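# An overview of the molecular structure
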There are 2 protein chains.
Amino acid sequence: MNKVTVLNENDLRKILTMEETIAAVEEAYKQKELNKAFVLPMIFHEFEAGVADMDIKAGVMPELERYGLKVVSWFKDNPAKNLPALFGTTLLFDSKTGAPCSLLDAEYITGMRTGAAGAIGAKYLAKKMAKTLLIIGSGQQAFFQIAAYLTVFDSISDIFIFDPLDANKANAFVTNLATPLESLLAKNPTKKVSLKNTNVSAVTDLAQTLEKSDLVATVTPATTPIIKAKWVKKGTHFSCIGADISGKEEIDPQIFKDAIIIVDDLQQAITVGETERPIKEGVIKKADISGEIGALITGKVAGRTTDDAITIFDSTGIALQDLAVSNLALKIATKENIGQTVFL
Amino acid sequence: MNKVTVLNENDLRKILTMEETIAAVEEAYKQKELNKAFVLPMIFHEFEAGVADMDIKAGVMPELERYGLKVVSWFKDNPAKNLPALFGTTLLFDSKTGAPCSLLDAEYITGMRTGAAGAIGAKYLAKKMAKTLLIIGSGQQAFFQIAAYLTVFDSISDIFIFDPLDANKANAFVTNLATPLESLLAKNPTKKVSLKNTNVSAVTDLAQTLEKSDLVATVTPATTPIIKAKWVKKGTHFSCIGADISGKEEIDPQIFKDAIIIVDDLQQAITVGETERPIKEGVIKKADISGEIGALITGKVAGRTTDDAITIFDSTGIALQDLAVSNLALKIATKENIGQTVFL
């Protein structure tokens, strides 16, 4: 019999820190670049078009001695049945023996690793002394973005929240932010950060806010651009997070024109990411993409050249992020004896 | 939180019956044929060629309200570490909501569903009043084949066991067969069968044994034919089970020449099944395959035409068999309150 550790959302909330999540995701990007970790072909099935689908994303990370997969399903009508629309489940295996070692809820991990991704893009692409952050979207992912940016940047003085559909939602988000955020940030093992020196406010005038934003994180499911090219000031960095299936987009394709573009996965970015539309419309060519984030981290490609450059990180999400953070969670859970144990 | 039932091998041995497994596999074949169940593309990864690999086989069965996947890994060097070379894990989801509902050990289920497959092929293709069964191979799968054939056929008088590599292994298999087999057969809910009226013997002269065998089940990992065409008597039915990756074969490609050929999955059969080699060598063309087993079961294609015909069922194994039997196990486990429960 083989011991399998089951980690649900409650367990993961207890053990995961944003600081370690960022390190794990950065390491995953690096391993992908160095061909030490591999993304396997994705399986996608639509139960009913526009109503229900699921995908299986798998990867192999021999350096971590893990391989595994994440299954994510989306059922539009679930909320009417008092169920979440999304279910995410990760299964983790030992890549030295093949044995299953952990079953994890994937939703909280997806939230954390996606927050980490946005801030890592900014860490490597934003200008020095970036001080102001604009978040487009006020859902759950806005929370993780803020936690990750505050962990990465020491200097954030202002965070602006803009909700493209509902200004009240942005207000409510700001009101309810401090307690859960401070609780997550307090877990960081070495980077002791808090909201104390940062002013968070909901905004409604996007053009005006962009004039004073050094960093922009887009975390909406939009399918038409929210940010116009003419509003963008010199030196802005964009981490585009929302676009992960064909047709989604959050910023004007024209912003890509003279930008320095880094993506998490080339193939995914041009087929399902924010980069899809600028390429389809001929604003840029594939060759205009500088490279993948792993290549930037390892110094194989250059990032920002001047303080005035516009930089874009297109994060579509890759299985290796999930596996790396799941592995991190399993390691901490094992050490701290957290989670349910079953024998398979 | 979502309730997930974990079923390990001990649980599965308690609850699965061969009679119900056969019914579930037959139903899975039927649903595939009727486009009511779908096999998704397979993911395969080789950690090191000839040393370690893994595959992910997924499928969707809306009629059962299930979708899911089976992960099987093979690590050649595991036995030296006191670990099984193979690990199999199945994850089952609700296809109405996407929620994960069960994590199961996949090995025992693979054994049972593969035994069922062989006997189902014989049920629909063998001549009436088949009385004698030859099993090529004396490993674990030989056991499941016997259980399935005895459950399907009332008339088996003799079972012959031939091990192509080690006659002693065949002897030991026969000696140790009765107790576990009677125990499994006794679980059948309605088909009360036993070994009582059947004589089981190890054999060494394959040519002679084929002369008196109505049914042949091949369950070895052979890569060169064990059974020669000239030994085969009129009217024999073959269920070829062993070949599931390119290069494996157990019977002379010439046997396919005038045979009636049924497969579990057309594409798999000609790429990785027993049918691969006869097609590659030009003994038969793809058009010479009558069709899939689901088409035979539903009456869309004909099977045996005369008592003298040679019939072949090429069973490569499909994910729907695993999902259908996993679903059966979950149903019984829920009813009988068996298994470990975790909250995800």
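Residues numbered from 1 in each chain as written. Chains lettered and ligands numbered in written order. Predicted model: local features only at pLDDT ≥ 70, side-chain atom pairs only at ≥ 80, totals over all residues. Heavy atoms only, no water.

## Some points on the sheet that holds strand 9 (residues 158–162) of chain A
Residues and elements named next belong to chain A. Read across the open sheet, the 8 strands follow the order 10-9-8-11-12-15-13-14; overall the sheet is parallel. Of all strands in the sheet, those bounded by a partner on one side alone are strand 10 (199–202) and strand 14 (289–292). Direction aside, neighbouring strands of the sheet carry axes that sit 15° apart on average. Note: strand 8 (residues 132–136) against strand 9, 5 bridges, orientation parallel. (Pairing = 2+ DSSP bridges. Helix = DSSP H or I, 4+ residues; strand = E, 2+ residues; numbered from the N terminus. Axes fitted to C-alpha atoms, helices over the stretch in contact; angles between N-to-C directions.)

## Digging into the pairing of strand 4 (residues 52–61) of chain B
In summary, the side chains of a regular strand alternate between the two faces of the sheet. Residues and elements named next belong to chain B. Of all 10 residues in strand 4, 9 are buried, a share of seventy percent or more. Sheet topology note: the strand 2 (residues 38–39)/strand 4 ladder contains 2 bridges and is antiparallel. When the bridges of strand 4 are listed, Phe38 appears paired with Val60. When strand 3 (residues 43–48) meets strand 4, the two strands line up antiparallel, connected through 5 bridges. Within the sheet, the bridge partner assigned to Glu46 lies in strand 4 and is Asp53. Alignment of strand 4 against strand 5 (residues 66–75), held across 10 bridges, turns out to be antiparallel. Looking at strand 5, one finds that Met61 is bridged to Arg66. (Buried < 20%, exposed > 50% of the residue type's maximum accessible area, 1.4 Å probe, protein only.)

## A look at the interface of chain B and chain A
Taken together, the contact pairs 44 residues of chain B with 44 residues of chain A. Each partner contributes to the roughly 3500 Å² buried at the junction of chain B and chain A, and carbon and sulfur atoms together form 78% of this total. Among the residues of chain B in contact with chain A, Ile43(B), Thr97(B) and Leu344(B) are the three that bury the most area, contributing 16% of the side total. For the interface between chain B and chain A, the tally reads 0 salt bridges. Taken together, chain B and chain A are joined by 10 residue pairs in polar contact (both at pLDDT 80 or more). Elements that contribute at least two residues to the side of chain B that touches chain A include exactly strand 1 (3–7), helix 1 (9–15), strand 3, strand 4, strand 5, strand 6 (86–94), strand 7 (100–105) and strand 16 (340–343) of chain B. (Contact = heavy atoms within 4.5 Å. Buried area = accessible area lost by both parts, 1.4 Å probe. Salt bridge = Lys/Arg side-chain N within 4 Å of Asp/Glu carboxyl O. Polar contact = N/O pair within 3.5 Å; in protein donor to acceptor, adjacent residues only side chain to side chain.)

## Looking at the sheet that holds strand 14 (residues 289–292) of chain B
Residues and elements named next belong to chain B. Pairing is parallel in the open sheet, where 8 strands are placed in the order 10-9-8-11-12-15-13-14. Each edge of the open sheet is held by one strand with a lone partner, namely strand 10 (199–202) and strand 14. In this sheet, adjacent strand axes meet at a mean angle of 15° when their direction is disregarded. Most of the contacts of helix 3 (residues 107–125) go to strand 12 (residues 237–240), to which it runs at about 155°, and overall it touches strand 11 (215–218), strand 12, strand 13 (260–263) and strand 15 (311–314).

## With respect to the relation of the copies chain B and chain A
Turning chain B through 180° and shifting it by 0.0 Å along the axis lays it on chain A, with an RMSD of 0.0 Å. Taken together, the turn and the small shift mark the pair as related by a two-fold rotation axis. (Least-squares fit on C-alpha atoms with pLDDT ≥ 70 in both.)

## Topic: the domain arrangement of chain A
Residue and element names in this part refer to chain A. Each assigned domain of chain A is listed with its residue range as follows: domain 1 (3–109 + 320–343) and domain 2 (125–317). Taking only C-alpha atoms, the centre of domain 1 and the centre of domain 2 are 24 Å apart. In this assembly, 17 residues from domain 1 lie in contact with 23 residues from domain 2. Per-residue buried area on domain 1 facing domain 2 is highest for Met18, Glu19 and Glu33; these three make up 36% of the total on that side. The partner of Glu292 in a salt bridge is Lys32, and the shortest N-O contact between them spans 2.7 Å. The interface formed by domain 1 and domain 2 includes 8 residue pairs in polar contact (both at pLDDT 80 or more). In terms of residues, the side of domain 1 that touches domain 2 owes the most to one element, helix 2 (residues 18–33), which gives 9 residues. Its residues assigned to classes, the side of domain 1 that touches domain 2 shows 6 nonpolar, 2 polar and 9 charged. (Domains from an automatic or database assignment. Nonpolar A, V, L, I, M, F, W, Y, C, P; charged D, E, K, R; others polar.)

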